[in-house]
Amino acid sequence: MPTGHRQDWPLESVGQGVHPAPRAAALCWTLEGLYLQLLTILAMPHYEGTIWRPPSEARSLILQATVGCSHNACIFCVSYRDREFRVRGAEGIASDLRSLDGRLLARVRRVFLADGNALAMSTTEMEECLDVLREHLPSLERVGVYAYAKDLRDKTVGGLRRLRGRGLGIVYLGLETGDEDLLRWCRKGVTVRETIEACKKIRQAGIPLSLTIILGLGGRERSRAHATATARALNEIDPEYVGALTLMTPPGVPIYDMVRDGRFRAMGPLEVLGELRTLVEGLDLTDCTFRTNHASNYLPLGGTLGRDKSLLLDAIDRVLMTGDTTMLRPEGLRGL
Ligand code: SF4
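The paragraphs below set out a description of the structure included in this document. Everything numeric in this text was worked out from a predicted model, so none of it was measured. (Residues numbered from 1 in each chain as written. Predicted model: local features only at pLDDT ≥ 70, side-chain atom pairs only at ≥ 80, totals over all residues.)

Each helix and strand in the protein was counted, giving twelve helices and twelve strands. When each of the 336 residues of the protein is scored for burial, the buried share is 45%. Sequence separation of 24 or more characterises 79% of the internal contacts of the protein that already satisfy a separation of 6 or more. (Helix = DSSP H or I, 4+ residues; strand = E, 2+ residues; numbered from the N terminus. Buried ≥ 20, exposed ≤ 12 C-beta atoms within 10 Å, placed from the backbone. Contact = placed C-beta atoms within 7 Å.)

Right, dumping it as structure tokens:
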């Protein structure tokens, strides 16, 4: 799910971007950085609507292989409500690449294929896209995509291995919760079991997998069930990366109406932190980079699980035991 970052600056792939990371801002004020930024401004790829990307793709060249999300119905997401899903495919991204300056293309090491679930393309369409990227980008090291669990239904492990061989280097997928009832309630359109099986295919193909889960999604009533079931699902998948986000309910998101009408009671910062603690406590992962550094979270944390579990729990407990919310990101500074 693209509960990622809004990408205002389309090309940070050369490590010289000005948005959003402050350290990138520092880097950009080199002569080379200014030069590359100029090239970027002069020849932006064609984008339809707001572009969303995972935080870790801040320096990637972003190309819309697809537009929108093929599901587009989750009650916590409005990222692509303004556009119909369609495939632009190899032809679309080839035309974008032709519009960019060759000096810039020569330096691109990472590409993120937008929008909400580029893996909705067939394996053949994805192969064609990856071939086009390799043809135009001599320094390409990794291609990333968002995926929706249904995208994997008709894909085989063998087909995914071929995509990996052509450069598909990471798949970002929204698990959101391991609680079947909660996932149905938020209209995800897939079951937890389907999602787990989809993730296993990606893992079997040797493609690194990054999952997102949403803290606070079940509200107060389902908090414990959400945390424990999500930990169980994550343990079964055992992904390389997990990113926790915290539910946001701004106007325009369907869940906003439920909060306004009193049908959903959103959780406070300390309650969300308690939920995070239950989740982390229940995790038994082999070698997973776990982060809560997304802008929607109250307490940014990061570590490797299992190694750092007690460190993460200690950091959460320091806040929970004192109840000191000044240690948390203020509500007004949370954002996507
Ligand atoms: S699958 Fe759901 S969360 Fe992901 S982009 Fe589509 S509507 Fe948004």
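Where a protein is soluble and globular, its nonpolar side chains tend to be buried together. Judged by nonpolar contacts, the single largest core of 89 residues is most densely connected at Val111, Leu113 and Val171. Both domains that furnish three or more residues to this core are identified here as domain 1 (44-207) and domain 2 (212-336). Every residue in contact with Val111, bar those within four places of it in the chain, is listed here: Ser60, Leu61, Leu63, Leu133, Leu137, Leu140 and Val143. (Core = buried A, V, L, I, M, F, W, Y, C linked by C-beta atoms within 7 Å. Domains from an automatic or database assignment.)

With that out of the way, let us pick up the sheet that holds strand S3 (residues 61-64). Pairing is mixed across the open sheet formed by eight strands, whose spatial order is S3-S6-S7-S8-S9-S10-S11-S12. The strands lining the two open edges of the sheet, one partner per strand, are S3 and strand S12 (302-305). Shown here is a sheet whose adjacent strand axes are inclined to one another by a mean of 25 degrees, direction ignored. Direction of pairing for strand S9 (residues 209-215) relative to strand S10 (residues 241-246): parallel, over a ladder of six bridges. Bridge assignment links Ile214 to a residue of S10, and that residue is Leu245. (Pairing = 2+ DSSP bridges. Axes fitted to C-alpha atoms, helices over the stretch in contact; angles between N-to-C directions.)

Looking now at unusual backbone geometry. Cis geometry marks the peptide bond from Ala114 to Asp115; its omega dihedral reads 0 degrees. Phi angles above zero are rare outside glycine, and Asn72 is one such case at about 55 degrees. Following the sequence through the fold, Asn72 ends up in the loop between strand S4 (66-67) and strand S5 (86-87).

Pairing of S10 with strand S11 (residues 288-291) involves three bridges; the strand directions are parallel. What sits directly across from Gly243, in S11, is Arg291. Relative to S12, S11 runs antiparallel, the two being bridged by four bridges. Opposite Arg291, over in S12, you have Gly302 as the bridge partner.

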